[in-house]
Protein chains: 4
Amino acid sequence: MRAAVFGASGYGGAELVRLILGHPHLRLVSLHAHSRAGEPVARVLPSLQGLLNGELEPLDSVRVDADVVFLGLPHGASAVHAKVLRKRGVRVVDLSADFRLQDPSVYAEWYGEHGAPDLFGGAVYGLVEYARGALKGAEFIAVPGCYPTAALLTLSPLVESKLIELDGIIVDAKSGVSGAGRRPSMVTHLPHAAEGVRAYKVAGTHRHTPEIEQLLSSLSGRDIRLSFTPHLVPMSRGILATAYATAKDGVTEAQLREAAERRYGESPLVEVVAELPDTLWVRGGSRAHVSYRLDARTGRVVAFGAIDNLLKGTSGQAIQALNVAMGWREDLGLEQTGPWP
Amino acid sequence: MRAAVFGASGYGGAELVRLILGHPHLRLVSLHAHSRAGEPVARVLPSLQGLLNGELEPLDSVRVDADVVFLGLPHGASAVHAKVLRKRGVRVVDLSADFRLQDPSVYAEWYGEHGAPDLFGGAVYGLVEYARGALKGAEFIAVPGCYPTAALLTLSPLVESKLIELDGIIVDAKSGVSGAGRRPSMVTHLPHAAEGVRAYKVAGTHRHTPEIEQLLSSLSGRDIRLSFTPHLVPMSRGILATAYATAKDGVTEAQLREAAERRYGESPLVEVVAELPDTLWVRGGSRAHVSYRLDARTGRVVAFGAIDNLLKGTSGQAIQALNVAMGWREDLGLEQTGPWP
Amino acid sequence: MRAAVFGASGYGGAELVRLILGHPHLRLVSLHAHSRAGEPVARVLPSLQGLLNGELEPLDSVRVDADVVFLGLPHGASAVHAKVLRKRGVRVVDLSADFRLQDPSVYAEWYGEHGAPDLFGGAVYGLVEYARGALKGAEFIAVPGCYPTAALLTLSPLVESKLIELDGIIVDAKSGVSGAGRRPSMVTHLPHAAEGVRAYKVAGTHRHTPEIEQLLSSLSGRDIRLSFTPHLVPMSRGILATAYATAKDGVTEAQLREAAERRYGESPLVEVVAELPDTLWVRGGSRAHVSYRLDARTGRVVAFGAIDNLLKGTSGQAIQALNVAMGWREDLGLEQTGPWP
Amino acid sequence: MRAAVFGASGYGGAELVRLILGHPHLRLVSLHAHSRAGEPVARVLPSLQGLLNGELEPLDSVRVDADVVFLGLPHGASAVHAKVLRKRGVRVVDLSADFRLQDPSVYAEWYGEHGAPDLFGGAVYGLVEYARGALKGAEFIAVPGCYPTAALLTLSPLVESKLIELDGIIVDAKSGVSGAGRRPSMVTHLPHAAEGVRAYKVAGTHRHTPEIEQLLSSLSGRDIRLSFTPHLVPMSRGILATAYATAKDGVTEAQLREAAERRYGESPLVEVVAELPDTLWVRGGSRAHVSYRLDARTGRVVAFGAIDNLLKGTSGQAIQALNVAMGWREDLGLEQTGPWP
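Quick caveat, the model's predicted, so the values are computed rather than measured.

1. Overview of the environment of Tyr111 of chain A
Residues and elements named next belong to chain A.
1) Next: Along the chain, Tyr111 falls in helix α4 (residues 104–111).
2) Next: Between the C-alpha atoms of Tyr111 and Arg207, which are 96 residues apart in sequence, the distance is 7.6 Å.
3) Next: Residues in contact with Tyr111, not counting those within four places in the same chain, are His75, Ala97, Leu101, Arg207 and His208.

Structure representation (structure tokens):
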């Protein structure tokens, strides 16, 4: 299957290129970028020097010759290319936020005008562990955001199994700086970022909030509103989601864990771990680790989920979703864990 | 005033030595340590090479000749030396947990047997901003823990001003690794600690929990139980406390901020900041930054407090408390902010 | 081919386990360790949770049932097990220093008594790019040290091609902290290691010095003595070797580069790059990047080599050498680059 | 003495502001910046929130009302303001490269056209330990660059005392990323900078090269050309210079150390240390640590110098030079070491 990557100069695109090169059923046919089109691949993706020759091509959705195109573009831009590609019948795996939400008014509220309204709602939301059925044969996949992936993998089993109260859920997330993308800014400037931790876009202002609420609401059959607080911590990769919820009466810690084990028993890429997860353990791989505690003093559930934001949180999940869509083994090309430590 | 430091080889002790050297009314007369007694100061505290000669002395509370002794020792050990020193009439500033709690049964539950039960309750809890009256003239001071300092400076104005519900408070704290002390361990081993974030001692098991609850309960007149979740993030110094609470009906974000400004208006070492605080901004100094947000979607207060764990969280606060006890300017010797960035 | 790993709890061993799991011709049959024998694999190697069950076994060279055993043990210990395994006819890939040197008196000078003197000199020194012939069919391989790998890949083409003076060569190396191994110490303690850079074992005292000199002397036909200065920099993985040498009269920068390109033209795992190499570019992969500059003002060659110390510097090279020994494609199981960034 | 800081929004300027606030004889009268003029100080220098009110003013050298102006500006810009200020008789401490070199043709070669040629050569080069006489009463001071400070403090005693050959000197320097300034770029982007080490501007292309050569040439009475290789290591602050030179016949390690002790015996801010220096030990302070080794195997001197690039390498040295110019104690306001660890 011939694959092209749009946005290959970004971090998500770079990891996609690497994963496609190692995937037994995918053949990388072209890399595309916006401002860096025309530059040699070796300069843009220096770790691939000697492996990939040639240059980045422009984002030409009309002419790109591939069976599947991965779109690692900003929201807005993605929709425009998705529209062209879908019309041409090309399979699209979109890593942007353009097709993750189901309700156009929610999209409008958080993102503004949509770039391809007639396509809105047409993609399968590819949080694989909760979408295997819908993904089968899917030709248009919206890959979940990195924070939603960490939050949803952690919380969904508890919501599904009705072990927690739906009011008052809190997600306190800690992310590595690569989540901010490849464009340098004060936020990613090492002297500012390397010895400090800080929150940003708090109190209901981060755009991943409705995406987290959407799946939990759907699983519970009730509109859920939760508090989401992202933080930047001084590391390159990884997200730890620490989630808080009130346990329903009589719920035990064992039940929390069992609910997750039931949900993820057949999932090759989610592991329910006994210890508290560490983002280092999933760094460089496409696995998620989740873990559960009950604070008996306060009756509160404290749940943890760790992922690599660029793999299970972005590119690894994109491949995983395509694998399911194609009927391949779910973790094909994603088996290897990351280098450790 | 002649000052001695017990536990000078630890991080809290090392910072105390530095602060005492720069303090106009204190004269450092001796440094003491347990296992490193007899070693040259220059080897144990390499940044002080050329400034301090001589060797570390043993922990001899019977003979130490000083007007004030700072105890930077583990809990248990501290009580034993405090007892001897207090009997001799020496002023004691204790950085351990031995004299922070007021209720002996709470101490017993979280720490076990106490090393000097007759002295229990005899120290002033030195969270200066909430203890200026009690500290005046105090000869025996218990310096608050690092996490409690960050959590209490953040939450106390809201509790005092009755702006938040007392049930369901959550403190999600992120700490630099120096909080684990100078003894190497797997937790502080750079290859394990440098590219990962993880929680530890969660769900009501960290010993700083009752210390946070104690002051909030006292301020509110009601027993408060809260959830405290400490995390280690890959940096050396700093604590960010992210606190969550349900706002009382009708409370506005402005009221949150005003409550803090009222409380800290005259405090030279706590700043209510408009932006979200960054531990980098307080790194290397004895100031705290606090900030407040109201999430209108969920009615939840999200409050932030940032400190340097070894300064405002330990040694800077020790000096600050002594300043108040002696009637000196509260921030004497603590004026300078840390190097930035 | 059934493979066992001795020393699987160390960093080199952990990476070997990961590489073996991803290698098409190797099957991991058992993991062995000294002090952590009996512990669950999932606890010792947390990134492999869910992939590997069972426990670590003791270091039993008499009974281990495998076609090849990788020895990731300290020098001294390694020799003892190598002896037993070789007597049993088991293929051995030794990652220690025990069989890297050819001259027993040099070993004695730098390491002391040898653990299996009769086996000394019996292994092929597996710097693959310089040992393909000798490795063919080899049953006993000594994997080069991490610093020698970086230094030798960088300097050898210049020595071979007689482009530099043999006197006065300097290797100034910068290593990530994982090179110090998994045992915590002051040197690896994050608060000491994370915001500082320092040299150690300088001025002809680091044991990798004679290993670097050995191959360069052999290539030049003359005894070479060089200055080697290792530094620890605040990162987890990677080595950058900056090498200095006096250019022979009339030598050009192009010649330096061409010599390396000639040498590495057919090498899948060494890339001669135009830009100055960055250890980040080779992090998590088994590739080396080398690059060459001539300082026309001083007539000095400045050469750079970057590797991942745990992969091309240890475990990746072990697999690469075994691949050549077995007649497999040299980079089998090592194709994928590391996660980037 | 009333002090103003031009370029207060940069890192050098920010540290100057902090040092001036803590200096007993200096009073900070105004902060000036180019693009950030008009912004509140609290936003531009967030660690000073609550300590400094008001806004940054424009770079108005015609009207600034101060006894001394510190110029923390890029080269080129600095000369223009220095000219106006000097004409007005205002004391100038210039942190740029504009007045460090003595030979206008060297300036032209490395920097291009000079902004105030008639002023060229008019400043005292303020490497204090080598310029105390010239600095006395000086009204115009050129503060040395960060790399030259580290290199020169390390090498100068050896050159002065004629212990090393003047040919073949090498300086391999490792710098924290703050040396690249406050403007974000790919080089300072945390995901690229945090887990890699790399060289830049090598082989005689870094502009600090002639500045290092200038003083060594002057001390030796002979034109010296050396190799200077700067590296960026993943930390915020600090420079370690590792210098290599051939020892003259018969020179011992003790002689190296004694030469430095003679030179720095009366220097409060340079310490000759026995152990290998660590930039962490001088981080946040204005001290330098130097140390010397002789590699008996190769006859090579390996010398080390560690500084904080923003303090002894920039702002601390600026204050130190002014102290000497004014006849104040050399380390006035610079006594305190940095926070440790």
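2. What to know about the packing of helix α6 (residues 146–160) of chain B against helix α8 (residues 208–220) of chain B
Residues and elements named next belong to chain B.
1) Next: Packing of α6 against α8 leaves a shortest axis separation of 9 Å and a crossing angle of 20°. Here α8 runs roughly parallel to α6, going by the angle between their axes. Every pair of crossing elements has a handedness; the one defined by α6 and α8 is right-handed. Facing α6, whose interface residues are Cys146, Tyr147, Pro148, Ala151, Leu152, Leu155, Ser156, Val159 and Glu160, α8 presents His208, Glu211, Ile212, Leu215, Leu216, Leu219 and Ser220.
2) Next: In terms of residue class, the contact of α6 with α8 is made up of 11 nonpolar, three polar and two charged.

3. Topic: helix α9 (residues 253–264) of chain C
Residue and element names in this part refer to chain C.
1) Next: Taking 1.5 Å per residue, 12 residues should reach 16 Å; α9 reaches 17 Å between its end C-alpha atoms and fits that length.
2) Next: Residues of α9 that are buried include every one of Leu256, Ala259, Ala260 and Tyr264, and no others. All buried residues of α9 project into a common sector of 115° when viewed along the axis, lining one side.
3) Next: The inward-facing, buried residues of α9 abut α6 (146–160), β11 (270–272), β12 (288–295) and β13 (300–307).

4. Structural notes on the sheet that holds strand β1 (residues 2–6) of chain C
Residue and element names in this part refer to chain C.
1) Next: Strand order across the open sheet formed by six strands is β2-β1-β3-β4-β6-β5, with parallel pairing between neighbours. The two strands at the open ends of the sheet, each matched to only one other strand, are β2 (27–32) and β5 (124–125).
2) Next: Both strand β3 (residues 68–71) and strand β4 (residues 91–94) contribute to a ladder of four bridges, which runs parallel. Residue pairing across strands places Leu71 opposite Asp94, the latter belonging to β4.
3) Next: Contacting β3, β4 and β6 (140–142), helix α11 (residues 311–326) crosses the sheet at an angle of about 150° to β4.

5. Remarks on the packing of helix α1 (residues 11–21) of chain D against helix α11 (residues 311–326) of chain D
When two helices pack together, you describe them by how their axes are tilted relative to each other and by the distance separating the axes.
Residues and elements named next belong to chain D.
1) Next: In contact at an axis separation of 9 Å, α1 and α11 are set at 40° when each is read in the N-to-C sense. When the axes of α1 and α11 are compared, the pair comes out oblique. Once α1 is placed against α11, the crossing between them reads as right-handed. Contact residues: Gly12, Glu15, Leu16, Arg18, Leu19 and Ile20 in α1; Leu311, Thr314, Ser315, Gly316, Ala318 and Ile319 in α11.
2) Next: Residues belonging to the contact of α1 with α11 are distributed by class as follows: six nonpolar, four polar and two charged.

6. Comments concerning the interface of chain A and chain D
The accessible area lost on association of the parts is a frequent measure of interface size.
1) Next: Between chain A and chain D, the contact holds 19 residues from the first and 19 residues from the second.
2) Next: With both sides pooled, the region where chain A packs onto chain D buries about 1,400 Å², and carbon together with sulfur makes up 67% of that total.
3) Next: Three residues, Pro184, His189 and Leu190 of chain A, lead the burial of chain A against chain D; their summed loss comes to 39% of the area buried on that side.
4) Next: At the boundary of chain A and chain D, one finds zero salt bridges.
5) Next: Across the chain A-chain D interface, the total number found is 12 residue pairs in polar contact (both at pLDDT 80 or more).
6) Next: When residues in the side of chain A that touches chain D are grouped by element, the largest group, four residues, is from helix α7 (residues 190–193) of chain A.
7) Next: Here the side of chain A that touches chain D is composed, by residue class, of nine nonpolar, seven polar and three charged.

Reading the values: the criteria
- Residues numbered from 1 in each chain as written.
- Chains lettered and ligands numbered in written order.
- Predicted model: local features only at pLDDT ≥ 70, side-chain atom pairs only at ≥ 80, totals over all residues.
- Heavy atoms only, no water.
- Helix = DSSP H or I, 4+ residues; strand = E, 2+ residues; numbered from the N terminus.
- Contact = heavy atoms within 4.5 Å.
- Axes fitted to C-alpha atoms, helices over the stretch in contact; angles between N-to-C directions.
- Parallel < 35°, antiparallel > 145°, perpendicular 65-115°, else oblique.
- Left-handed = near helix turned anticlockwise from the far one by under 90°.
- Nonpolar A, V, L, I, M, F, W, Y, C, P; charged D, E, K, R; others polar.
- Expected span 1.5 Å × (residues − 1).
- Buried < 20%, exposed > 50% of the residue type's maximum accessible area, 1.4 Å probe, protein only.
- Arc of directions from axis to C-beta.
- Pairing = 2+ DSSP bridges.
- Buried area = accessible area lost by both parts, 1.4 Å probe.
- Salt bridge = Lys/Arg side-chain N within 4 Å of Asp/Glu carboxyl O.
- Polar contact = N/O pair within 3.5 Å; in protein donor to acceptor, adjacent residues only side chain to side chain.

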